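Listed below, chain by chain, are the residues.
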Amino acid sequence: MTKQYPLVFKSTISGPQQWLAILVLAATVPMGPSLKAQSLGQGASTFHTVGLQANGLVYAWGHGNNGQLGNDDNDNSSTPVKVVKGEYSGTTYLGDDTDNKITEVAVAYYHSIALASDGIVYAWGYNGNGRLGNNSTSSSDTPVKVKDGDYSGTDYLGDNSSNKIISVAAGRNHSVALAADGTVYTWGSSDYGQLGKNSTGTSSDESTPVKVLKGAYSGTTYLGDDSDNKIIAISAGYYHSLALATDGTVFAWGRGDNSQMGNDNSSQNNPIPVKVVDGAYSGTTYLGDNSSNKITAISAGTYHSIALATDGTVYAWGYGGWGSLGYSSTVTYDTPVKVLDGAYSGTTYLGDDSDNKITAISAGPHSVALAADGTVYAWGLNNEGQLGDNSTTDRSTPVKVLEGAYSGTTYLGDNSS
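Residues numbered from 1 in each chain as written. Predicted model: local features only at pLDDT ≥ 70, side-chain atom pairs only at ≥ 80, totals over all residues. Heavy atoms only, no water.

## A short note on the overall build of the protein chain
Across its full length, the protein chain holds zero helices and 27 strands. Of all 417 residues assigned to the protein chain, the portion counted as buried reaches 57%. Here the contacts in the protein chain between residues at least 6 apart in sequence split such that 45% fall between residues at least 24 apart. Just so you have it, the protein chain exposes about 15,100 Å², and 42% of that area is on carbon and sulfur atoms. (Helix = DSSP H or I, 4+ residues; strand = E, 2+ residues; numbered from the N terminus. Buried < 20%, exposed > 50% of the residue type's maximum accessible area, 1.4 Å probe, protein only. Contact = heavy atoms within 4.5 Å. Areas by Shrake-Rupley, 256 points an atom, 1.4 Å probe, with all protein chains shown as cover.)

Printed below as a string of structure tokens:
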């Protein structure tokens, strides 16, 4: 059997708070000496990957049939290609202006997005449902600027220097952006309410950004519009979206047929945000409402979601097939459960050793967690060796990712030097 080992990239991403992004790939990708990755795009992609170099340049590889590699053609590439500038004001490539580097990237099923330091958002690839956000449905194999839509700027999303876009996320066929003032914008498909735009459940697609309504959020009109409790992080799953507020509470909207909403309703789609309830979390009513143990990070997977608490423990809800929730079963849960320790050296739960907390999380059809000591844990779908434990067996509790090509003793990250 071919050994299934991962390649992990980790880095601090600029934003409203410091985020450590991690992404595990099923096989080592030949990236060459020139690409020292700062980060890899998070999102719902199955067929291509986007990497961000520390100098601001963007690379892509995998399927390119819809222009999602951004290199001015529709060919696949098994090695990284540089994304060209398109509508970006640089010389040749996206991010090559040192005064306006690309700071974050995200990957969707057939399109890609990137955020520049000036707050402008770029998108390329397939444009069905208006997912490129440029007021058209014409696909583009080079980056285009996302239009402003409901955003209060001049022409483009993020072009107001007093309210830049500070983070982006991508689902299967929709995209999400977070502004500095805490408000959230979405565009693309709204077939399950994943744009969070209409309390009546209207499902029309949007080819320019719309502002997410407040729903269960205690603001005036829009999600994040309370300056004392801004939205500080966003994430997008296949057909649902998540947002994390300053007070530690979590909001979800979109498809709910696999309990992705985490609000104790296993089958209802929600076209505006609902508040994730506490479940196994030790709070009062909602996930993150204990001020001494706030939720600090969120990640929306394919059909499930995970959240990281201040104390290092991890919570999961939604589809339990493949063992996605890390709860020693394949049962679907409509409220958060606490991920068990599995191969982690704790007492009962992943991250419950105060000397080796979990510090970062990432979710797809499988989930990944990074511990303070540098080791990596994974659980869920493993049909292609995604978990890096030298097997293709799904795991319903966390396993420790093996070292593979990493220069350690046994496990990825176990070399303290």
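## Topic: the environment of Ser-362
When you line up the elements, Ser-362 lands in strand β24 (residues 358-363). Remark: the alpha-carbon pair of Ser-362 and Ser-299, spanning 63 residues in sequence, is separated by 5.6 Å.

## Let's talk about the sheet that holds strand β14 (residues 184-188)
In a beta sheet, neighbouring strands pair by backbone hydrogen bonds and run either parallel or antiparallel. Across the sheet, four strands lie side by side as β12-β13-β14-β15; this open sheet has antiparallel pairing. Two strands close off the open sheet at either side, each with one partner strand: β12 (165-170) and β15 (206-211). Along the sheet, successive strands turn relative to each other by an average axial angle of 20°, direction set aside. (Pairing = 2+ DSSP bridges. Axes fitted to C-alpha atoms, helices over the stretch in contact; angles between N-to-C directions.)

## Some remarks on the sheet that holds strand β18 (residues 250-254)
Pairing within the open sheet is antiparallel, and its four strands lie in the order β16-β17-β18-β19. The open sheet has two edge strands with one neighbour each: β16 (231-236) and β19 (270-275). On average, each strand axis in the sheet is inclined to that of its neighbour by 20°, with strand direction left out of account. Pairing between strand β17 (residues 240-245) and β18: five bridges, direction antiparallel. For Leu-242, the partnering residue across the bridge sits in β18 and is Ala-252.

## A look at the side chain of Asp-148
As for its position among the elements, Asp-148 is in the loop between β11 (140-145) and β12. Ignoring anything within four residues of it in the chain, the contact list for Asp-148 reads Gly-153, Thr-154, Asp-155, Tyr-156, Leu-157 and Pro-209.

## Remarks on the packing of aromatic side chains
The geometry of an aromatic ring pair is captured by two quantities: the separation of the ring centres and the angle between the planes. For the structure shown, the criterion picks out 16 aromatic pairs. Measuring from centroid to centroid gives 6.2 Å for Tyr-303 and Tyr-319, while their planes differ by 80°, and the two rings are edge-to-face. In this pair, Tyr-303 sits in the loop between β20 (295-300) and β21 (304-309) while Tyr-319 sits in the loop between β22 (314-318) and β23 (333-338), placing the two residues 16 residues apart along the sequence. Ring plane angle 80° and centroid distance 5.2 Å describe the contact between Tyr-319 and Trp-322, whose orientation is recorded as edge-to-face. For Tyr-319, a relative accessible area of 26% puts it in the partly exposed group. Given the relative accessible area of 28%, Trp-322 is considered partly exposed. (Phe/Tyr/Trp six-rings, centres within 6.5 Å; stacked < 30°, edge-to-face > 60°.)

## Quick word on the pattern of salt bridges
Enumeration over the complete set of coordinates arrives at three salt bridges. Residue Glu-206 is joined to Lys-197 by a salt bridge in which the shortest nitrogen-to-oxygen separation is 2.6 Å. Comparing Glu-206 with Lys-197 shows no difference in burial state: the two are buried. When the shortest N-O distance is used, the salt bridge between Asp-257 and Arg-255 registers 2.8 Å. When its relative accessible area of 33% is taken as the criterion, Asp-257 is described as partly exposed. Look at Arg-255 and you get buried, because its relative accessible area is 15%. (Salt bridge = Lys/Arg side-chain N within 4 Å of Asp/Glu carboxyl O.)

## Section: the environment of Gly-62
Its location among the elements puts Gly-62 in strand β6 (residues 58-62). Distance in space between the C-alpha atoms of Gly-62 and His-48 is 4.2 Å, their sequence separation being 14 residues. Residues in contact with Gly-62, not counting those within four places in the same chain, are Phe-47, His-48, Leu-69, Asn-76 and Ser-77.

## Thoughts on the pairing of β18
Burial analysis of β18 places five of its five residues in the buried class, the great majority of the element. Burial of the side chains of β18 extends over both faces: Val-250, Ala-252 and Gly-254 are buried on one face and Phe-251 and Trp-253 on the other. The turn linking β17 back onto β18 is made up of four residues, and Gly-248 within it adopts a positive phi angle of 95°.

## Topic: the side chain of Ser-175
On the secondary structure map, Ser-175 appears in strand β13 (residues 174-179). For Ser-175, the side chain forms a polar contact with the side chain of His-111, separated by 3.0 Å. Sequence-distant contacts of Ser-175, defined by excluding residues within four places in its chain, comprise His-111, Ile-113, Arg-131, Ala-169, Ala-170, Tyr-185, Thr-186 and Trp-187. (Polar contact = N/O pair within 3.5 Å; in protein donor to acceptor, adjacent residues only side chain to side chain.)

## A word on unusual backbone geometry
Look at Asn-135: it is not a glycine, yet its phi comes out positive at around 65°. Examined against the element boundaries, Asn-135 turns out to sit in the loop between β10 (121-125) and β11. With a phi angle near 65°, Ser-328 is a residue other than glycine that sits in the positive phi range. By secondary structure assignment, the location of Ser-328 is in the loop between β22 and β23.

## So, the environment of Arg-172
Relative to the helices and strands, Arg-172 resides in the loop between β12 and β13. One polar contact links Arg-172 to Tyr-239, side chain to side chain, over a distance of 3.4 Å.

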